Amino acid sequence: MSASLTTSRHDRPIPSRDPFVVVDGERELGPPPIDVDTARALADDGAAAADAGVETLTRWLVGLGQPWCENSLDGPLRPPEESHAAAPLALMLADWGMDVRLLGDAPERANVVATKRFGPGPLLMLNDHLDTYPSGPASRWQHCDHPYVASDHGDEIVARGTSDTRGNMAALLVAARRLLADPPRRGALQVALTVDEERNGVHGASHLLDRLRLRPDGVIVVEPTATRGAPTPEIALAVRQTGHALLDITISGVSSHIWRPDTGANPASALRRVLGRLERPDRDGHAVCVVGLSAGEAGMAQFTPLTASARIAVVGIGPHLTRGHIRDEVLAEVRAELESEAAGDLSGDVDFVAGPTFVPGTEGLTDDDPLVASIATAYQETTGEDVIRYCKPAFNDTILFRHAGLSAVTFGPGYEGWPVYDEVISRANMRLASDVVEDAARRFLDTAPAQA
Ligand SMILES: [Zn+2]
């Protein structure tokens with residue numbers, strides 16, 4: 001427990017501490033909300049699962065810390081407590097010989113940062129996240145008895161968090177375990193398991209980057225970049241990503257009796273037309289997706305509503321668009337529709353949903369980037385095929401690492417399909433990912449320059 005936590009640039013060493021205390025910079029926040037003996041027993045189970053291989057480790061990870069790790073983009077019903085997963089994983093990584101910290105801004109929401117220096121040279125971070133999206137009612141899952149108990153379905157494993165992201169985490173941990181067991185001579189490995197990724201990383205990757213100034217020389221985010229239906233094993237490499245936003249549209253009008261709609265101005269009808277305008281394809285590459293609608297009051301069905309509102313996601317946002325641009329664009333469609341209304345008694349407004357609800361996309365990394373080159377070579381050596389480079393149309397922590405100026409890519413075995421229920425991952429892709437990530441890490445640590 002002696003190596004410094006931070007990296008070659010912007011070093012601000014964090015003192016060694018007991019890995020079972022959550023730390024915010026220099027300040028101890030207290031232990032995570034899980035009894036140390038329970039965490040210790042879980043860590044031993046995890047280590048045994050890792051020794052048995054990536055599939056067994058995925059099954060173990062699926063249930064770890066659930067449902068406390070469920071997190072929702074619009075603010076979860078119950079605040080997540082990823083520390084239920086972080087604490088056992090921290091103890092497991094410490095047993096593997098890494099210098100481990102639980103870092104965060106609350107004892108319930110600890111990020112795991114584990115570092116092992118092998119020699120002089122670059123620091124490579126392997127990143128994944130601890131939270132998942134909610135499972136929903138178990139009765140909606142057809143291919144498993146419970147969303148947090150993994151079951152087999154052909155060559156796939158079904159459970160919440162398989163493709164996003166415990167199956168990716170299993171591949172990451174197996175690769176890390178092999179690197180630690182047969183260490184490279186150069187560089188350092190950092191395993192960063194973050195909280196709050198499902199809500200744009202404020203307490204997770206942003207906390208590590210902005211408050212703690214972590215600056216690795218390269219980051220492989222092991223998150224879904226495979227496609228279901230493509231031949232397996234096959235995993236693509238995301239070198240660029242698009243961003244997203246979440247906004248509320250509210251339209252107010254004049255209520256009328258249903259016998260006399262001509263005496264009112266119906267905001268629900270106007271909202272329907274606004275959404276039709278917004279859902280037109282090809283808005284500068286980004287698109288609008290309606291995620292919630294509200295109008296009318298229970299017990300008032302003789303009358304048209306006073307207000308109508310919609311919550312919309314804007315997805316596919318490029319790197320140069322701002323919050324103001326996105327809001328103005330939506331507002332312009334609302335105004336254009338309301339101006340076309342003969343009644344003239346409608347008004348509308350647009351606001352971002354509270355919280356971290358705007359993220360722009362990233363610039364792409366080119367083939368000569370040492371991280372891209374390491375993965376491309378490792379993939380070619382492992383499979384005999386060229387890895388497909390593409391733009392990932394979704395948020396993950398890679399975007400935050402790229403916005404901090406770091407070299408970061410996404411490469412992982414999960415499917416980029418995000419099924420709401422019956423989420424699955426391919427076993428063959430998990431095995432491929434652990435092989436490629438291990439080999440790419442060795443190549444990067446051996447050849448990439450350190451930024452010191
Ligand atoms: Zn994810």
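Residues numbered from 1 in each chain as written. Predicted model: local features only at pLDDT ≥ 70, side-chain atom pairs only at ≥ 80, totals over all residues.

K.L.:
Any chance you could explain the overall build of the chain here in plain terms?
P.N.:
Looking only at helices and strands, the chain has ten helices and 18 strands in total. Its C-alpha atoms give the chain principal-axis dimensions of about 80 × 50 × 45 Å. Looking at the chain residue by residue over its 452 residues, the buried ones come to 52%. A sequence separation of at least 24 residues applies to 78% of the contacts in the chain between residues at least 6 apart. (Helix = DSSP H or I, 4+ residues; strand = E, 2+ residues; numbered from the N terminus. Buried ≥ 20, exposed ≤ 12 C-beta atoms within 10 Å, placed from the backbone. Contact = placed C-beta atoms within 7 Å.)

K.L.:
Whenever I open this one, the sheet that holds strand β6 (residues 151–153) confuses me. Can you help?
P.N.:
In sheet architecture, strand pairing relies on hydrogen bonds along the backbone and comes in two forms, parallel and antiparallel. In spatial order, the strands read β6-β7-β18; together these three strands make up an open sheet with antiparallel pairing. Strands with a single pairing partner mark the edges of an open sheet, and in this sheet they are β6 and β18 (424–426). Across the sheet, the axes of successive neighbouring strands diverge by a mean angle of 35°, strand direction being ignored. Where strand β7 (residues 156–158) meets β18, three bridges bridge the pair, whose relative direction is antiparallel. Bridged to Glu156 within β18 is Ser426. Packing against the sheet, helix α4 (residues 162–181) makes contact with β7 and β18, and its axis sits at approximately 45° to β18. (Pairing = 2+ DSSP bridges. Axes fitted to C-alpha atoms, helices over the stretch in contact; angles between N-to-C directions.)

K.L.:
Please explain the pairing of strand β3 (residues 99–103) as it appears in this structure.
P.N.:
The side chains of a regular strand alternate between both faces of the sheet. In terms of burial, β3 is a largely internal element, five of the five residues being buried. Burial along β3 is two-sided: Asp99, Arg101 and Leu103 and Val100 and Leu102, pointing in opposite directions, are all buried. The sheet contact formed by strand β1 (residues 22–24) and β3 spans two bridges and is parallel. Note on β3: the bridge partner recorded for Val22 is Leu102. The pairing of β3 with strand β4 (residues 111–117) spans five bridges and is classified as antiparallel. Counted as the bridge partner of Asp99 is Thr115 from β4.

K.L.:
Please explain the environment of Ala49 as it appears in this structure.
P.N.:
Summarising the element assignment, Ala49 is placed in helix α1 (residues 36–52). C-beta crowding within 10 Å serves as the criterion here: with 22 such atoms nearby, Ala49 is assigned to the buried category. Sequence-distant contacts of Ala49, defined by excluding residues within four places in its chain, comprise Thr56, Leu57 and Trp60.

K.L.:
Quick question: what am I supposed to make of the packing of helix α6 (residues 267–278) against helix α7 (residues 323–339) here?
P.N.:
Between two packed helices, both the angle of their axes relative to each other and the distance between the axes serve to describe the pair. It is the contact of α6 with α7, at a shortest axis distance of 9 Å, that shows an interaxial angle of 130°. Classified by the angle between their axes, α6 and α7 sit oblique to one another. As α6 packs across α7, the resulting crossing turns out to be right-handed. Together, Ala270, Arg273, Val274, Arg277 and Leu278 of α6 and Val330, Glu333, Val334, Glu337 and Leu338 of α7 make up the contact between the two elements. Class assignment of the residues belonging to the contact of α6 with α7 gives a composition of six nonpolar, no polar and four charged. (Parallel < 35°, antiparallel > 145°, perpendicular 65-115°, else oblique. Left-handed = near helix turned anticlockwise from the far one by under 90°. Nonpolar A, V, L, I, M, F, W, Y, C, P; charged D, E, K, R; others polar.)

K.L.:
In this structure, what is going on with the packing of helix α8 (residues 370–383) against helix α10 (residues 427–447)? I would like to understand it.
P.N.:
In the contact formed by α8 and α10, the axes pass within 8 Å of each other and the chain directions differ by 130°. Of the possible angle classes, the one that applies to α8 and α10 is oblique. Two packed elements cross with a definite hand, and for α8 against α10 that hand is right-handed. Residues Pro370, Leu371, Ser374, Ile375, Thr377, Ala378, Tyr379, Glu381 and Thr382 of α8 pack against Leu432, Asp435, Val436, Asp439, Ala440, Arg443, Phe444 and Thr447 of α10. For the contact of α8 with α10, the per-class residue count stands at nine nonpolar, four polar and four charged.

K.L.:
What am I meant to see in the domain arrangement of the chain here?
P.N.:
How big an interface is tends to be stated in terms of the accessible area lost upon association of its parts. When the domains of the chain are assigned, the result is domain 1 (22–241 + 361–447) and domain 2 (243–359). For domain 1 versus domain 2, the distance between C-alpha centres works out to 37 Å. Every contact between the two is made by twelve residues of domain 1 and, on the other side, twelve residues of domain 2. (Domains from an automatic or database assignment.)

K.L.:
Just to check I follow, could you spell out helix α3 (residues 83–95) for this structure?
P.N.:
Each turn of an α-helix holds 3.6 residues, which means side chains three or four residues apart point in the same direction. For α3, with 13 residues, the first-to-last C-alpha span of 18 Å sits near the 18 Å given by 1.5 Å per residue. Among the 13 residues that make up α3, eleven are buried, leaving the element largely enclosed by the rest of the structure. Where α3 is concerned, the buried positions are Ser83, His84, Ala85, Ala86, Ala87, Pro88, Leu89, Ala90, Leu91, Met92 and Leu93. Buried positions along α3 lie against β1, α1, β3, β4 and β8 (188–194). Positive phi shows up at Gly97, right after α3, with a value of about 100°. (Expected span 1.5 Å × (residues − 1).)

K.L.:
What is the right way to look at the environment of Met430 in this model?
P.N.:
Here Met430 lies in helix α10. Distance from Met430 to Glu333, taken between C-alpha atoms, is 44 Å for residues 97 residues apart in sequence. Among all residues touching Met430, those that are not within four sequence positions of it are Val54, Glu55, Thr58, Gly167, Ala170, Ala171, Pro413 and Ile425.

K.L.:
Quick question: what am I supposed to make of α6 here?
P.N.:
Taking 1.5 Å per residue as the helical rise, α6 with its twelve residues ought to reach 16 Å, and the 16 Å between its terminal C-alpha atoms agrees with that figure. Among the residues of α6, those classed as buried are Pro267, Ala270, Leu271, Val274 and Leu278. For α6, the buried positions fall inside an angular range of 100° around the axis, keeping them on one side. In the core, the buried residues of α6 are packed alongside β11 (243–252), β12 (287–295), β13 (307–317) and α7. (Arc of directions from axis to C-beta.)

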